[in-house]
Amino acid sequence: MLSLRVPTPTSFRRLHAGRSRLSRDCLFSYSPSFVNRGVRLRVRSTKSEVALTPAEEEEEVTLPEELQPELMPKHVAIIMDGNGRWAKNQGLQPWDGHRAGVEALKEIVELSGRWGIQVLTVFAFSTDNWIRPRIEIDFLFSLFERSLKSEFQNLAKNDVRISIIGDSSKLPKSLLRLINEVEEGTKNNTRLQLIVAVGYSGKYDVLQACRGIAQRVKDGEIDVDEIDEGLIEQELETNCTEFPYPDLLIRTSGELRVSNFLLWQLAYTELFFAQELWPDFGRSGYVEALMSFQQRQRRFGGRKS
Amino acid sequence: MAELPGQIQRMNGGINQLLEQIFGFSRRCLFRVISMGPIPNHLAFIMDGNRRYAKKCGLEEGSGHKAGFSALMLMLQYCYELGIQYVTIYAFSIDNFRRQPEEVQSLMDLMLEKIKSLLEKESIVHQYGIRVYFIGNLALLNDQVRAAAEKVMKATAKNSRVVLLICIAYNSTDEILQAVKKSCINKLDNIEASGSCKHEDTDSDIEAKDMENQEKKIQLVDIEENMQMSVAPNPDILIRSSGETRLSNFLLWQTGNSQLCSPAALWPEIGLRHLVWAILNFQRSHSYLEKRKKQL
């Protein structure tokens with residue numbers, strides 16, 4: 001997701017990896033478990049600053065001790081926000097921020113595969129991002145193309161399946177061809193499904209589902225009375241996966257908005273807003289988000305007795 | 001001597017009144033200061049945590065929801081005093097029907113009592129000239145609650161100062177589903193009504209055919225105008241109490257660009273400071289968002 005600039009981002013729950021102090025939250029009550037979580041993280045991030053021995057590296061491959069395997073989410077969605085701001089903070093150009101963002105994504109994809117997450121959906125380019133300068137859009141698409149080409153072998157080796165969702169009508173033809181090739185080439189991989197949303201918005205997804213349904217009604221395939229939530233779910237672009245509803249949505253850079261991402265699918269998704277900019281997100285941010293998820297009580301409108 | 005307890009009571013009453021007036025005055029001053037910046041037009045609340053509150057305070061079942069109602073009245077007063085025009089609340093979800101029948105029934109009884117009280121002369125509706133909408137699949141409610149809701153909507157239809165939208169028997173996915181169904185029906189009716197003309201495929205006709213095909217397709221505006229929540233603009237801020245950070249199938253379509261707040265306080269504990277904090281955060285990001293809206 002291209003970064004959305006806000007003068008001084010802030011939030012009700014500031015979640016800093018490695019810091020247990022809660023700025024401004026002193027006005028409100030917070031659960032003690034949150035403070036303990038912060039302390040544990042501080043210990044963890046100190047450890048990761050020291051160079052690891054091969055044995056410790058081996059241990060890093062398995063699930064971190066803070067995470068319980070039975071409570072891992074099946075589907076994680078990420079709004080990768082903050083590349084532009086990161087580049088500005090470093091005194092670099094916006095495209096350097098996007099390059100750094102791609103590296104961060106590679107790390108998260110690898111961790112997701114190792115930690116048993118089945119689907120990872122990332123918001124790469126929204127319909128709203130078309131207002132960006134042409135030069136930035138062209139760079140993004142060429143970066144996307146280059147990354148897909150260079151990572152194709154890696155994806156195949158790591159048993160990752162790629163799917164692209166979104167309105168592809170405005171994408172360059174070379175990119176479209178490459179997307180088809182990669183989707184075709186990885187369609188039998190089963191370890192992790194990486195869904196990249198390009199030219200996507202939640203409203204667009206519902207609209208195209210609605211059009212598909214209207215066509216089926218017009219063709220006499222179904223009756224209007226048969227239109228139900230299941231039918232809409234089948235027509236949404238996330239029908240490319242067995243688990244279309246994310247369990248956890250992470251948005252980086254401190255913005256507290258969903259920005260029209262996966263609208264229908266987010267009905268019961270746990271939301272996590274991370275303060276770090278996307279290129280800085282990394283392993284520690286991911287662990288913090290997953291820990292927060294594992295502590296949530298999901299009731300789906302019912303009651304936990 | 002016998003007059004002393006009475007005198008003390010009168011003094012206490014007087015002190016309380018004075019304190020109320022001081023707090024009210026301070027609050028109005030605070031609101032004047034906040035109003036120097038942009039004020040949100042529409043605030044939405046997910047009133048979560050009533051039962052946990054009752055358990056925490058050792059109250060009996062149902063008291064949490066009553067305390068929640070009092071908190072709601074207070075929040076509405078603050079919102080309308082501040083000049084917020086639209087307030088939406090998530091009163092009862094379609095998913096909540098899955099709870100124990102006794103709890104569902106007691107919630108329905110409470111809602112019936114409170115809906116009827118909205119029509120009383122001293123109620124907040126008359127105080128602020130509120131137009132009330134009940135949004136949701138009202139057919140799922142029992143006859144009494146539905147009748148009371150329709151009566152309130154009719155009685156307040158002429159009010160125009162501020163608006164209260166009460167989402168009851170509501171799910172965002174259900175709202176979108178109904179809008180999709182209506183859009184399909186309307187579009188198909190339009191196509192049938194306009195009839196089909198056969199064209200020879202000349203150049204000018206191909207262009208006309210493209211336009212015709214485009215008109216036949218359902219557009220975003222077709223779905224949006226069939227949404228029940230189309231009577232109000234999109235919420236600027238969505239506040240969910242009790243610290244849970246999820247939407248729970250509430251206003252998914254409308255909160256795409258809303259600021260999301262999740263204070264840890266349980267709903268009956270929600271207060272002025274949470275509202276003020278949410279608005280200050282809103283004011284920080286407002287100018288940037290307005291610029292983007294114009295670009296789009």
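Located above this text is the structure these notes cover.
What counts as what
- Residues numbered from 1 in each chain as written.
- Chains lettered and ligands numbered in written order.
- Predicted model: local features only at pLDDT ≥ 70, side-chain atom pairs only at ≥ 80, totals over all residues.
- Heavy atoms only, no water.
- Helix = DSSP H or I, 4+ residues; strand = E, 2+ residues; numbered from the N terminus.
- Buried < 20%, exposed > 50% of the residue type's maximum accessible area, 1.4 Å probe, protein only.
- Contact = heavy atoms within 4.5 Å.
- Areas by Shrake-Rupley, 256 points an atom, 1.4 Å probe, with all protein chains shown as cover.
- Buried area = accessible area lost by both parts, 1.4 Å probe.
- Salt bridge = Lys/Arg side-chain N within 4 Å of Asp/Glu carboxyl O.
- Polar contact = N/O pair within 3.5 Å; in protein donor to acceptor, adjacent residues only side chain to side chain.
- Nonpolar A, V, L, I, M, F, W, Y, C, P; charged D, E, K, R; others polar.
- Core = buried A, V, L, I, M, F, W, Y, C linked by side-chain atoms within 4.5 Å.
- Expected span 1.5 Å × (residues − 1).
- Arc of directions from axis to C-beta.
- Phe/Tyr/Trp six-rings, centres within 6.5 Å; stacked < 30°, edge-to-face > 60°.
- Pairing = 2+ DSSP bridges.
- Axes fitted to C-alpha atoms, helices over the stretch in contact; angles between N-to-C directions.
- Parallel < 35°, antiparallel > 145°, perpendicular 65-115°, else oblique.
- Left-handed = near helix turned anticlockwise from the far one by under 90°.
- Patch = residues over 30% accessible without salt bridge, like charges linked within 9 Å, V, L, I, M, F, W, Y side chains within 5 Å.
- Lys, Arg positive; Asp, Glu negative; His and termini not counted.
- Charge placed at Lys NZ, Arg CZ, Asp CG, Glu CD.

1. Quick notes on the overall build of chain B
Counting its secondary structure elements, chain B contains ten helices and six strands. Here chain B, with 296 residues, has 49% of them falling under the buried criterion. For chain B, contacts bridging at least 24 residues in sequence account for 79% of all contacts bridging at least 6. Of the roughly 15400 Å² that chain B leaves accessible, carbon and sulfur atoms contribute 53%.

2. Let's talk about the interface of chain A and chain B
By convention, interface size is frequently given as the accessible area that disappears when the constituent parts associate. Across the boundary between the two partners, chain A contributes 54 residues, which contact 60 residues of chain B. Here chain A and chain B share an interface that buries about 5300 Å² over both sides, 61% of which is from carbon and sulfur atoms. Along the contact surface separating chain A from chain B lie two salt bridges. Of the charged contacts, one joins R246 of chain B and E270 of chain A as a salt bridge, the two residues approaching to 2.6 Å between their closest N and O atoms. Viewed at the interface, chain B and chain A are joined by 15 residue pairs in polar contact (both at pLDDT 80 or more). Tallying contributions element by element places helix α7 (residues 202-218) of chain A first for the side of chain A that touches chain B, with nine residues. Grouping the amino acids of the side of chain A that touches chain B by side-chain chemistry returns 27 nonpolar, ten polar and 17 charged.

3. Quick notes on the nonpolar core
Judged by nonpolar contacts, the single largest core of 61 residues is most densely connected at F261 of chain A together with F250 of chain B. Element by element, the count of residues in this core is highest for α7 of chain A, at eight residues. Of all hydrophobic cores here, the second largest spans 52 residues; its members include M47, F69, F134 and L164 of chain B.

4. Here we look at helix α6 (residues 173-186) of chain A
All names here are of chain A. If you check α6, its first and last C-alpha atoms are 20 Å apart, about what 14 residues at 1.5 Å a residue would give, namely 20 Å. By the burial criterion, the buried members of α6 are L175, L178, I179, V182 and T186. End-on, the buried residues of α6 take up no more than an arc of 105°, which puts them together on one face. Exposed and oriented more than 90 degrees from the buried face of α6 are K173, R177, N180 and E181. Among the structural elements, α5 (134-157) and β3 (160-165) are those in contact with the buried residues of α6.

5. Observations concerning the packing of aromatic side chains
Residue and element names in this part refer to chain A. One pass over the full model with this rule turns up 18 aromatic pairs over all chains. Judged by centre distance (6.2 Å) and plane angle (85°), the ring pair of Y200 and F261 falls under edge-to-face. Linking Y200 in strand β4 (residues 192-200) with F261 in the loop between β5 (248-251) and β6 (270-273), this pair joins segments that are 61 residues apart in sequence. Here F261 falls in the buried class, since its relative accessible area comes to 0%. Among the aromatic residues, those joined into a ring-pair cluster are W115, W278, F281 and Y286.

6. Some thoughts on helix α4 (residues 94-114) of chain A
Residues and elements named next belong to chain A. With 21 residues, α4 extends 31 Å between its outermost C-alpha atoms, agreeing within 8% with the 30 Å of an ideal straight helix rising 1.5 Å per residue. The complete set of buried residues in α4 reads G97, H98, A100, G101, A104, L105, I108, V109, L111, S112 and G113. Summarising the contacts, the buried residues of α4 are in contact with β1 (75-79), α3 (83-90), β2 (119-126), α5, β4 and α9 (282-294). Of the residues trailing α4, G116 is marked for its positive phi of about 85°.

7. Digging into the sheet that holds strand β3 (residues 130-135) of chain B
Residues and elements named next belong to chain B. If you trace the six strands from one edge of the open sheet to the other, you get β3-β4-β2-β1-β5-β6, paired in parallel fashion. Among the strands making up the open sheet, the edge pair consists of β3 and β6 (259-261). Direction aside, the axes of adjacent strands within the sheet are offset by 20° on average. Bridge count for strand β2 (residues 86-93) against strand β4 (residues 162-170) is seven bridges, and the pairing is parallel.

8. Structural notes on the packing of α5 of chain A against α6 of chain A
All names here are of chain A. One way to put it is that α5 packs onto α6 with a least axis distance of 10 Å and a crossing angle of 30°. One finds that α5 runs roughly parallel with respect to α6. For the pair α5 and α6, the sense of crossing is left-handed. Between α5 and α6, the contacting residues are F141, F144, E145, L148, K149 and F152 on the first element and S174, L175, L178, I179, V182, G185 and T186 on the second. Class assignment of the residues belonging to the contact of α5 with α6 gives a composition of eight nonpolar, three polar and two charged.

9. What to know about a negative patch on the surface
All names here are of chain A. A contiguous patch of negative charge on the surface is contributed by D223, D225, E226 and D228. Looking at the element boundaries, D225 is found in the loop between α7 and α8 (229-235). Here D225 falls in the exposed class, since its relative accessible area comes to 65%.

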